[in-house]
Amino acid sequence: MKILLITPPLMQWNSPYPATIYLQGFLKKMGYDVEQVDLNIEFIRRIFSKPGLEKIFEIIRSKAADLSFMTHRVVQLQHEYINAIDLALEFLQHPEPGIAQAIVSNHILPMSQNHAAMFLKPNSITEDVEEAFMLIQDKIHESFGDCGIYDQAKFLITWYFVDLSMMIHDTISPLFHGVRYGENLCVAAHSFDKLEQALQQPNTILEDWLCELFEQKIQTIKPTVIGMTVPFPGNLFAALKLGQYIKKNHPHIAVVLGGGYVNTELREIRTSKILDYTDFIALDDGEAPLLRILEHLQGLYSKTELIRTYTAQDQGIQLIAGDSKENIAWKDRGDPDYTGIQVNQYLSTLDNLSPSYRLWTDGFWNKITLAHGCYWHRCSFCDTCLDYIERYEPSDPQTVVDQMEKIIAQTGKRSFHFTDEAAPPQLLRDMCLEILHRKLHVSWWTNVRCESAFNWDLCQLMANAGCIAVAGGIETPCDRLLSKMDKGYQLENIIPVLRNFSGADILFHAYLIYGFPTQTIAEMYEGLEIVRQLFKNALIRSAHWHAFALSIHSPMAKNPDLYSLSNLKVPDHDFACNEIFEYEPFPLPELEEFATTASEKTYEWESEGMEPGDEIFFPEEPCSDDVDPDFVVKLCQVAPYNLLPKLNARVLWLGNARDVMEVTMPPKRKSRKSKNKGKKAQASKPETIAILSTREGGITFDMPKKEIDWIIDILQKAELDQPQPLTFQMIQESFAQHFPKLIFANWIKKNFWEELRCQGLLFI
């Protein structure tokens, strides 16, 4: 039995989706012959190639369709666009300074008004090409400066691809959107009819290319089972198109669908039409269902013994063991396996000036997960009743770092994206200690909850262990609504946490919700004002506003009375169903106006602060007069770190205390008062000053030598590689023994102690 795991198009261009990587590792551990292919990136590179573009422009020339102004310009410059494609692809993989300068100087790439649209409001886009290009040049230089030559070039290349993508959408296939395919057919697809109608249409050239790529893989690998992950609506159409191709040309191959879209949208399928494109649809974690499907195909289990799987039954479709809790334990799944992933094929793009936003599109990220599920799993709007949220199983920190080292060896890349719903603080702490202990140089980012566990010390530890950014759900800056959401924290907790991340130079991307039931217009604009203050004080670097969606799998839908909801109406459906659109009180009609305002303002605020430490200027007026203009500042005034932590807190010194320079200062002459006139002036005793070099600079200890020696001894005992962990209580006891006449609580209020805390002395 040969298994082929497929990621169908379309999605991001810079990294593979992790589903097949985890499944391949598990199936290999179970002894199966398995390979994986990322058809997403191969499809993208087939389209955006010189032969691909030549064919596309040939098809466009044969049509007499009306073109939009922007698309018409791209077609006019088709030779320039075709001739630039190889250079554009090469630069996104291997940037060269000379080519970057040529691109920025506008000597190579053609451009359409799409570039200007990136910087202008829709109602001010001009059709004057010369004016648009002047705007582009000025704005890009303003945004990147003289030194950001690589980013300027990458930004322009990305929008060159936007030009081509919009042209393909307008002329070849309206299903194509660059990073998603046929998404409009699959969002809220309560009936399968519209999707099936599209699947029965003759193939476009894009679908022909997709099937050609697929056939090449089938001929090379010769699979007997093909598993396809469908994480997003923009992957479903392509997955079904591939399933359609298999059914027609290779009916002996079994097809299995799974993934995030399936798990949330397709839990109540009633139409058997979907079985024309697949044999099995597996719900929730794929390991146990897929393993049972494979064993069934080998004759070891009957069809009635499948696990959480839709399949044909009695001339219809049936979900077998849909309520099964049988799963492969998280610790028993094996390691993620990148074998088969062509790392050098991925493309790093840059379509947004925000340093936080670029994490999604720029650079290759090794995907890995710290824990299954969410350790909180209580948010009222979340899919908490579904397995991917509800069942929490953390990894062992040593195992996580072992996997990181194995993945680095496979991909040659040291950047990681932890794909957790919310990374557990305690597990992050232990993982960071393990990374530092192994002296492993990596960078990483993840999702977090804005809870007080992310104190100053933990954020500093994370930064030292390679954390560069986090994303988290602020949701709504309103304490009343945060309580209704059951977030477990209030603004007085959130804002100091944001200050802690900012103080560690960790970028924060905020998720925000508008239109939550019972939310008033006043609360929306008060929340927008607080977000403005967060940007102004550099506590967040980017944000995205989401319209509230009532998930059928959320506590709010399961217990509407607890959340003041009534008259919920689940949509009639035979296919997808995830969101409830009818309920009371329904979001206010002014939402569209607020959404536009919030989106425009947030984009402006993101563009104001370019780098940490720069002066940020906000000319906008407050969004609400009902919010204290210093609301955020006041909540940040509490000291970022504790001078007196818990007694059992581990003391950790991340600097070097082995090489300390001691300088003996010459004695100072002390002048005598007049009553001692005639006596010789006496010299004071020589003083010893210790200078401790750190990565942040240095710390000078100007104090009695005995105290200096004690500090250095403590720092050495607090180093990470010491066999015996040092606690704060042990420090206090040692101080009392060495300096019985001094009061420790007063002694640590001196400036040198704060310098130590700022430059690597942590209590965790």
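Cut-offs and rules
- Residues numbered from 1 in each chain as written.
- Predicted model: local features only at pLDDT ≥ 70, side-chain atom pairs only at ≥ 80, totals over all residues.
- Heavy atoms only, no water.
- Helix = DSSP H or I, 4+ residues; strand = E, 2+ residues; numbered from the N terminus.
- Buried < 20%, exposed > 50% of the residue type's maximum accessible area, 1.4 Å probe, protein only.
- Contact = heavy atoms within 4.5 Å.
- Areas by Shrake-Rupley, 256 points an atom, 1.4 Å probe, with all protein chains shown as cover.
- pLDDT = per-residue confidence, 0-100.
- Pairing = 2+ DSSP bridges.
- Axes fitted to C-alpha atoms, helices over the stretch in contact; angles between N-to-C directions.
- Core = buried A, V, L, I, M, F, W, Y, C linked by side-chain atoms within 4.5 Å.
- Phe/Tyr/Trp six-rings, centres within 6.5 Å; stacked < 30°, edge-to-face > 60°.
- Lys NZ or Arg CZ within 6 Å of the ring centre and 35° of its normal.
- Polar contact = N/O pair within 3.5 Å; in protein donor to acceptor, adjacent residues only side chain to side chain.
- Parallel < 35°, antiparallel > 145°, perpendicular 65-115°, else oblique.
- Left-handed = near helix turned anticlockwise from the far one by under 90°.
- Nonpolar A, V, L, I, M, F, W, Y, C, P; charged D, E, K, R; others polar.
- Salt bridge = Lys/Arg side-chain N within 4 Å of Asp/Glu carboxyl O.

J.: Please set out the overall build of the chain residue by residue, giving values where relevant.
T.: The helix and strand inventory of the chain stands at 29 helices and 27 strands. Counting only residues that meet the buried cut, the chain has 55% of its 764 residues in that class. Sequence-distant contacts, at least 24 apart, represent 76% of the contacts inside the chain between residues at least 6 apart. Surface accessibility of the chain: about 33800 Å² in total, with carbon and sulfur atoms responsible for 50%.

J.: I'd like to hear about the confidence of the model for the chain, residue by residue, with values.
T.: Confidence along the chain averages 90 in pLDDT terms, with 90% of residues attaining 70 or more. Counted against residues more than four places away or in other chains, residues 120–126, with its pLDDT under 50, gives eight contacts. Below pLDDT 50 for its whole length, residues 610–614 participates in seven contacts with residues either more than four positions away or in separate chains.

J.: Can you break down the sheet that holds strand E5 (residues 280–282) residue by residue, with the values?
T.: Consider a sheet: its strands pair through backbone hydrogen bonds, and that pairing is either parallel or antiparallel. If you trace the seven strands from one edge of the open sheet to the other, you get E2-E1-E3-E4-E5-E6-E7, paired in mixed fashion. Every other strand in the sheet has two partners, leaving strand E2 (33–38) and strand E7 (316–320) as the edge strands with one partner each. Along the sheet, successive strands turn relative to each other by an average axial angle of 25 degrees, direction set aside. Bridge count for strand E1 (residues 2–7) against E2 is six bridges, and the pairing is parallel. When the sheet's bridge partners are listed, Thr7 is paired in E2 with Asp38. Those strands touched by helix H12 (residues 205–221) are E1, E2 and strand E3 (225–229), and its axis lies near 155 degrees from that of E1. Packed on one face of the sheet, helix H15 (residues 287–297) meets E1, E3, strand E4 (254–258), E5 and strand E6 (309–313) and runs near 150 degrees to E5.

J.: An account of unusual backbone geometry is requested, with residue identities and associated values reported.
T.: The peptide bond linking Pro9 to Leu10 adopts the cis configuration, its omega dihedral lying at 5 degrees. Within the fold, Leu10 resides in the loop between E1 and helix H1 (19–29). With omega at -5 degrees, the peptide bond leading from Glu584 into Pro585 counts as cis. Relative to the elements of secondary structure, Pro585 occurs in the loop between strand E19 (582–584) and helix H24 (591–608). Unlike most non-glycine residues, Gln315 shows phi in positive territory, near 60 degrees. Inspection of the secondary structure assignment puts Gln315 in the loop between E6 and E7. Even without being a glycine, His377 presents a positive backbone phi close to 35 degrees.

J.: Hey, could you go over the nonpolar core for me, with residue numbers and the actual values?
T.: What tends to happen in soluble globular proteins is that the nonpolar side chains get buried as a cluster. Judged by nonpolar contacts, the single largest core of 87 residues is most densely connected at Phe48, Phe57, Tyr160, Phe161, Leu195, Leu206 and Phe575. Those residues in contact with Leu195, other than ones at most four positions away along the chain, are Leu185, Cys186, Leu236, Phe237, Leu240 and Phe575. Of all hydrophobic cores here, the second largest spans 81 residues; its members include Cys432, Leu491, Ile494 and Phe594.

J.: Just give me the short version of the packing of aromatic side chains, but keep the residues and values in it.
T.: Summed over the entire model, instances satisfying the criterion amount to 43 aromatic pairs. Measuring from centroid to centroid gives 6.5 Å for Tyr338 and Phe364, while their planes differ by 55 degrees, and the two rings are tilted. Of this pair, Tyr338 sits in the loop between E7 and strand E8 (366–368) while Phe364 sits in the loop between E7 and E8, and the two are 26 residues apart along the sequence. Here the aromatic residues Trp13, Phe43, Phe48, Tyr81, Tyr160, Phe161, Phe176, Tyr181 and Phe237 are joined through ring pairs into a cluster of three or more. Sitting over the ring of Trp209, Arg46 keeps its end group 4.3 Å from the ring centre.

J.: Can you tell me about helix H19 (residues 456–464), naming the residues and giving the values?
T.: Turn by turn, an α-helix covers 3.6 residues, leaving residues three or four places apart pointing in a common direction. With seven of nine residues buried, H19 lies mostly within the body of the structure. For H19, the full list of buried residues reads Trp456, Asp457, Leu458, Cys459, Gln460, Leu461 and Met462. The N-cap residue of H19 is Asn455: its side-chain oxygen and the backbone nitrogen of Asp457 are 3.2 Å apart. Phi turns positive one or two residues past the end of H19, at Gly466, with a value near 110 degrees.

J.: Before we move on, can you summarise the packing of H12 against helix H13 (residues 233–249) with the specific residues and values?
T.: The geometry of H12 relative to H13 is characterised by a closest axis approach of 10 Å and an angle of 60 degrees between their N-to-C directions. Between H12 and H13, the crossing angle belongs to the class labelled oblique. Relative to H13, the crossing made by H12 is right-handed. Two secondary-structure elements touch here, H12 through Glu207, Leu210, Cys211, Phe214 and Glu215 and H13 through Phe237, Ala238, Lys241, Leu242, Tyr245 and Ile246. Partitioned by chemical class, the residues of the contact of H12 with H13 number eight nonpolar, no polar and three charged.

J.: Describe in detail the side chain of Gln24, supporting the description with residues and values.
T.: Within the fold, Gln24 resides in helix H1. Here Thr339 takes part through its backbone oxygen, which lies 2.9 Å from a polar atom of the side chain of Gln24. The residues contacting Gln24, other than those within four sequence positions of it, are Leu5, Val34, Glu35, Gln36, Asp337 and Thr339.

J.: Which residues make up the pattern of salt bridges, and what values go with them?
T.: Taken as a whole, this structure holds 37 salt bridges when the rule is applied. Residue Asp279 is joined to Lys247 by a salt bridge in which the shortest nitrogen-to-oxygen separation is 2.4 Å. Taken together, the residues span a long stretch of sequence, with Asp279 in the loop between helix H14 (260–265) and E5 and Lys247 in helix H13 at a distance of 32 residues. Overall, the relative accessible area of 25% leaves Lys247 in the partly exposed class. Residues Asp402 and Arg438 are paired through a salt bridge, measuring 2.8 Å at the closest nitrogen-oxygen approach. Of this pair, Asp402 sits in helix H17 (residues 397–411) while Arg438 sits in the loop between helix H18 (425–437) and strand E12 (443–448), and the two are 36 residues apart along the sequence. For Asp402, a relative accessible area of 34% corresponds to the partly exposed category.

J.: Help me get a handle on the environment of Ile293, residues and values and all.
T.: As for its placement among the helices and strands, Ile293 is situated in helix H15. With 68 residues separating them in the primary sequence, Ile293 and Val225 have C-alpha atoms 9.8 Å apart. Setting aside residues up to four positions removed in sequence, Ile293 forms contacts with Val256, Phe280, Leu306 and Thr309.

J.: Let's hear about the sheet that holds E12: which residues, and what values?
T.: Spatial ordering of the open sheet is given by E8-E11-E12-E13-E14-E15, a layout of six strands whose pairing is parallel. Strand pairing shows two members of the sheet lacking a second neighbour, E8 and strand E15 (542–547), which therefore form its edges. On average, each strand axis in the sheet is inclined to that of its neighbour by 20 degrees, with strand direction left out of account. As paired elements, strand E13 (residues 467–475) and strand E14 (residues 507–514) share six bridges and run parallel to each other. Of the residues in E14, the one forming a bridge with Ala469 is Leu507.

J.: Which residues make up the side chain of Thr264, and what values go with them?
T.: As for its placement among the helices and strands, Thr264 is situated in helix H14. Residue classification places Thr264 among the buried positions, given a relative accessible area of 14%. Those residues in contact with Thr264 that lie beyond four places of it in its chain are Asp383, Leu386, Tyr388, His553, Cys577 and Asn578.

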